[in-house]
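# What the coordinates show
Read off the chains here:
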Amino acid sequence: MSQAHGLYLEDLEIGQSASVFKTVSDQDIRLFAEITGDTNPVHLDEEFAAHTQFKTRIAHGMFSAGLISAVLGTHLPGPGAVYLDQSLKFRLPIHLGDEVETRVTVTDINLRRGRVTLSTECFVAGKRVTQGEALVMVDKKPAA
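Residues numbered from 1 in each chain as written. Predicted model: local features only at pLDDT ≥ 70, side-chain atom pairs only at ≥ 80, totals over all residues. Heavy atoms only, no water.

## Section: the overall build of the chain
For the chain, the helix and strand inventory stands at four helices and five strands. The N-to-C order of helical and strand elements in the chain reads β-α-α-α-α-β-β-β-β. C-alpha atoms of the chain, sized along the principal axes, occupy 60 × 35 × 20 Å. When each of the 144 residues of the chain is scored for burial, the buried share is 38%. (Helix = DSSP H or I, 4+ residues; strand = E, 2+ residues; numbered from the N terminus. Buried < 20%, exposed > 50% of the residue type's maximum accessible area, 1.4 Å probe, protein only.)

Structure, rendered in structure tokens:
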């Protein structure tokens, strides 16, 4: 199975961005817990979560990191990009049923090293819930 290569280093510009929307479901949270082994009941047990500061179940913080990875790997820069580093701050919880907008924006391009820095943000109803910065390795265009 061969998939088209994403953007090359020379295709990128400072300020270029991409966004993806995802509504978080119970199945998403349960599958994430199963895959990662993070079975913290604040994510899985409504009765337990009702007694926390959130009053209801919330998504794993790293779930938003997975959404960021999906945008980087499929949209900007896209297939072929290699994730090297990520900083994250979880500002607000993500609840089941929330529609999350995940946005990445190119903030720096190092042509010599083939590295691109992007701001990474997740929003729910216009409020930033996760923010950070990613560093990815991006291929240069092949010689003709």
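Alright, that's what it looks like, and here's the rest.
## Quick look at the nonpolar core
With 27 residues, the main nonpolar core has Val116 and Leu118 as its most contacted residues. Of all the secondary structure elements, the ones that give two or more residues to this core are α1 (26-36), α4 (61-74), β3 (99-110), β4 (115-124) and β5 (127-137). Excluding residues within four positions of it along the chain, valine 116 makes contact with Leu9, Leu12, Val106, Asp108, Ala134, Leu135, Val136 and Val138. (Core = buried A, V, L, I, M, F, W, Y, C linked by side-chain atoms within 4.5 Å. Contact = heavy atoms within 4.5 Å.)

## Some words on a nonpolar patch on the surface
Together, Val82, Leu84 and Met137 make up a nonpolar patch on the protein surface, roughly 210 Å² of accessible area in all. Relative to the elements of secondary structure, leucine 84 occurs in strand β2 (residues 82-90). (Patch = residues over 30% accessible without salt bridge, like charges linked within 9 Å, V, L, I, M, F, W, Y side chains within 5 Å. Areas by Shrake-Rupley, 256 points an atom, 1.4 Å probe, with all protein chains shown as cover. Salt bridge = Lys/Arg side-chain N within 4 Å of Asp/Glu carboxyl O.)

## What to know about unusual backbone geometry
Along the chain, leucine 76 connects to proline 77 via a cis peptide bond; the corresponding omega equals 0 degrees. Tracing the backbone through its elements, the reader meets proline 77 in the loop between α4 and β2. The residue lysine 55 is not glycine, and still its phi comes out positive at about 70 degrees. Looking at the secondary structure, you find lysine 55 in the loop between α3 (46-49) and α4. Under the relative-accessibility criterion, lysine 55 is labelled exposed at 56%. With a phi close to 50 degrees, alanine 125 is a non-glycine residue in the positive phi region. If you trace the backbone, alanine 125 turns up in the loop between β4 and β5. Overall, the relative accessible area of 76% leaves alanine 125 in the exposed class.

## Points about the packing of aromatic side chains
One pass over the structure, following the stated rule, counts one aromatic pair. When the ring of phenylalanine 32 is compared with that of phenylalanine 63, the centres are 5.7 Å apart and the planes differ by 75 degrees; the resulting orientation is edge-to-face. In this pair, phenylalanine 32 is assigned in helix α1 and phenylalanine 63 in helix α4, connecting sequence segments 31 residues apart. Each member of the pair, phenylalanine 32 as well as phenylalanine 63, carries the same accessibility label: buried. (Phe/Tyr/Trp six-rings, centres within 6.5 Å; stacked < 30°, edge-to-face > 60°.)

## Structural notes on the environment of serine 69
Note that serine 69 resides in helix α4. Judged by its relative accessible area of 31%, serine 69 is partly exposed. Placed 60 residues apart in sequence, serine 69 and leucine 9 show a C-alpha to C-alpha distance of 18 Å.

Read these as layout, nothing more, since geometry by itself doesn't imply function.
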